[in-house]
Amino acid sequence: MRFKTILPYLLLLSSASVATGAENSSLHLNKWKDNWFAGAGFGVQEFVGSPESSLSFSEMMTPAITAYVGKWLTPSSGLRLVYNGATFKNNEGSDTPYFNIHGDYLWNFHNSVFGYKRMRIWELSPYIGAGWAASRGTNTNDGYAVNIGLHNEFRFTDGVYAMLDLSSMLADKEFDLQITDKYSFDKLFVASLGLTYRFKKRDWDTCSLKNMKLALLSDEEFAAKMAADSAQAAEKKAQAEEKARLTAQLNECLKKQTDLLSELEAEQKKVSDGLGNLSDLDRKLTTKTVFFTSASTTVANKYMVDMKPLVAYAKKNGLKLKVTGYADNATGTAEFNKALSQRRAQSVASMLEKLGMAQSDLIVEAAGGAMVANDMKYNRRVTVELAK
């Protein structure tokens, strides 16, 4: 089983996180020896208890010491062990030594909300924890305490960060060694400024979720998966090659079409200018067609425009125009179609005379019924071409 080959990595999943943003298809992996940190700071603290003290806010303020060591389990969550201590002023104004040792869970706000970023300047981590608080005055008091706060870090170098920690401790009502009947919590607020050092390794390894899934397959399943992927890749490659071949053919056809259109435009320009010599190409390029509806001999006005360049070319080069009439052979008798094709040819010849072509230079013929095109409407026509 391939499962055995990744067993060590599966043991790390308890300290892995799914990446956010552009890396949401990967896991950030963390070995137990990686991503440890330690820090210390000095600051001030303020005690608030019951009964209330008559001292002012500044008179109740005393120095504070904070030290901690911890580990980031993922880019967005970590654990640490913290020591807070020194002395605080109780409600009577007496300096009371104390210490508070607690474990905290940190939630990295920036990495959780905005995604993991290796070189982020500022990281804000709210935390909550619990531990043991002890006061040591004339008497002693030991008990459980709850801690909540905000841990801020500002990056100086790759491993050194400035630290600002704002915390509050909730302890037993007699933590300050003052006995009161009123049930409440004694509270200690601490603000510390110091440094945090992150031990190597500080970054995170990533592992594709797809690769993790593949590693969980048996040898047979993995081989089948690889074969299917290989076949799919080969099919995609063949499709890409076929697409490239068809695209090349299309481009070649388009180029030929462009060249032919350029040649046709050049020849048509010669005809419209009345230039050029009569040739087989001239005949093909200058042949005009007039279409009719069923049994009709009426020539539409639009064909007048098409015929003007052809008449000009014929007159300038001393050529004649051959007018040939057709009818479809699907309707009517042969005699009827012959006569119809004759009338159609004569109608077009009359139009050419109006454009300036002499009657003597017109050759009018009737071809009768024809089946040149599969669509009947294209067989009802008259063609006009150059003739010597």
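Before reading on, note that the structure itself is shown above.
Structural notes, computed from the coordinates. Here the structure is a predicted model, which is why all the values come from computation and not from measurement.

### Some remarks on the sheet that holds strand S15 (residues 381-387)
In a beta sheet, neighbouring strands pair by backbone hydrogen bonds and run either parallel or antiparallel. Read from one edge to the other, the open sheet built from four strands follows the order S12-S15-S13-S14, with strand pairing classed as mixed. Taken across any chain shown, the strands that pair with only one partner, and hence form the sheet edges, are strand S12 (288-291) and strand S14 (362-370). Direction aside, neighbouring strands of the sheet carry axes that sit 20° apart on average. Pairing of S12 with S15, which is carried by four bridges, proceeds in the antiparallel orientation. If you follow Val290 over to S15, its bridge partner there is Val382. Across the sheet, helix H7 (residues 302-316) touches S12, strand S13 (320-328) and S15, and the angle it forms with S12 is around 150°. Its contacts with the sheet place helix H8 (residues 334-354) against S12, S13, S14 and S15, and it is angled at close to 150° to S14.

### Notes on the side chain of Arg198
Tracing the sequence through the fold places Arg198 in strand S10 (residues 186-198). Within the local environment of Arg198, its side chain forms a polar contact with the side chain of Glu153, the two groups lying 2.7 Å apart. Sequence-distant contacts of Arg198, defined by excluding residues within four places in its chain, comprise Trp36, Phe37, Trp72, Glu123, Glu153, Gly159 and Tyr161.

### A closer look at the sheet that holds strand S9 (residues 160-171)
One closed barrel holds the eight strands; their spatial order is S3-S4-S5-S6-S7-S8-S9-S10, and the pairing between them is antiparallel. Taken over all neighbouring pairs, the strand axes of this sheet differ in orientation by 25° on average, direction set aside. Judged from the ten bridges that link them, strand S8 (residues 140-155) and S9 form a sheet pairing that is antiparallel. Each bridged residue has a counterpart across the sheet, and for Glu153 the counterpart in S9 is Met163.

About the thresholds
- Residues numbered from 1 in each chain as written.
- Predicted model: local features only at pLDDT ≥ 70, side-chain atom pairs only at ≥ 80, totals over all residues.
- Heavy atoms only, no water.
- Pairing = 2+ DSSP bridges.
- Helix = DSSP H or I, 4+ residues; strand = E, 2+ residues; numbered from the N terminus.
- Axes fitted to C-alpha atoms, helices over the stretch in contact; angles between N-to-C directions.
- Contact = heavy atoms within 4.5 Å.
- Polar contact = N/O pair within 3.5 Å; in protein donor to acceptor, adjacent residues only side chain to side chain.

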